[in-house]
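Breakdown of the fold
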Amino acid sequence: MWLRRTVVAIVVAVALVGLALLGAAFLPRWCSHRVAHQVNGSMSVGIMLGLFYGFVFAALPLVTVLRAFRKRRPWKVWAGLTALAIVLAGPNLLTLGIVIGSGHGAHAGQRTLDVDAPGFRAASLAGAIGAALAVAAVEYLVVSRRWSRRRLDAARKDA
């Protein structure tokens, strides 16, 4: 029983390491070519697309995580919603991997984005920062409204 679980764990670990190495070589190149195909060398399109991708694919995961951890839920629901948030953040994570990556795939992706998608990387960062600020502002408004309703209800009960 334990031997079988150990062998399965080793096989899964080796498969994950292999997929990670394959992904590190393939995914940055693939992502940069998809973005470069969309931008087609235009600075304005690169900025607009970067702002869009940065904002949308940062706001969706943040909202998902906020909704997941707002209530007490079973750990499987938290794990599933966290995995969903990571999948939703995929385009931004791929861009981040290209920007800070040190492998050959990341360097090839950087060159592709420099030539064929100018302005995309910086605009993607600006969009992600804007999404974080927007989600924080909306969350503040929701929480402060909840607090003020509670205070109003308490004042009505006192009166």
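As the structure is a computational prediction, the values presented were derived from the model and not from experiment.

Here the focus is the packing of aromatic side chains. Taken as a whole, this structure holds four aromatic pairs when the rule is applied. Arranged with centres 6.0 Å apart and planes meeting at 85°, the rings of Tyr 53 and Phe 120 form a pair that is edge-to-face. Within this pair, whereas Tyr 53 is found in helix α2 (residues 43-70), its partner Phe 120 is found in helix α6 (residues 120-158), the two being separated by 67 residues in sequence. There is no split in this pair, since Tyr 53 and Phe 120 are both buried. Connected via pairs of aromatic rings, a cluster forms that spans Phe 52, Tyr 53, Phe 57 and Phe 120.

Moving on, we come to the layout of surface pockets. By volume, the largest pocket amounts to about 260 Å³. Lining the largest pocket are 14 residues, with Asn 92, Leu 96, Ser 124, Leu 125 and Ala 128 positioned closest to its centre. When residues of the lining of the largest pocket are traced back to their parent elements, those giving at least two are α2, α4 (90-100) and α6. Here the lining of the largest pocket gets five residues from one element, more than from any other, and that element is α4. Its residues placed into classes, the lining of the largest pocket shows 10 nonpolar, three polar and one charged. Around the second largest pocket sit 14 residues that line it, and Cys 31, Val 35, Tyr 53, Pro 91 and Leu 94 are the ones nearest its centre. Counting residues per element, the ones that place at least two in the lining of the second largest pocket are α1 (2-39), α2, α4 and α6. Split by residue class, the lining of the second largest pocket holds eight nonpolar, five polar and one charged.

Let us now look at the nonpolar core. Core analysis: the largest hydrophobic core is formed by nine residues, namely Cys 31, Val 35, Val 39, Leu 49, Tyr 53, Ile 98, Leu 113, Ala 117 and Phe 120. Those elements that place two or more of their residues in this core are α1 and α2. The element contributing the most residues to this core is α1, with three residues. Contact partners of Val 39, with chain neighbours within four places excluded, come to Val 45, Gly 46, Leu 49, Asp 116, Ala 117 and Pro 118.

Conventions adopted
Residues numbered from 1 in each chain as written. Predicted model: local features only at pLDDT ≥ 70, side-chain atom pairs only at ≥ 80, totals over all residues. Heavy atoms only, no water. Phe/Tyr/Trp six-rings, centres within 6.5 Å; stacked < 30°, edge-to-face > 60°. Helix = DSSP H or I, 4+ residues; strand = E, 2+ residues; numbered from the N terminus. Buried < 20%, exposed > 50% of the residue type's maximum accessible area, 1.4 Å probe, protein only. 1 Å grid on protein atoms, 1.4 Å probe; cavity = no way out; pocket = protein on both sides within 12 Å on 5 of 7 lines; lining within 4 Å. Points joined across faces, edges and corners; volume = space filled by probe spheres on them. Nonpolar A, V, L, I, M, F, W, Y, C, P; charged D, E, K, R; others polar. Core = buried A, V, L, I, M, F, W, Y, C linked by side-chain atoms within 4.5 Å. Contact = heavy atoms within 4.5 Å.

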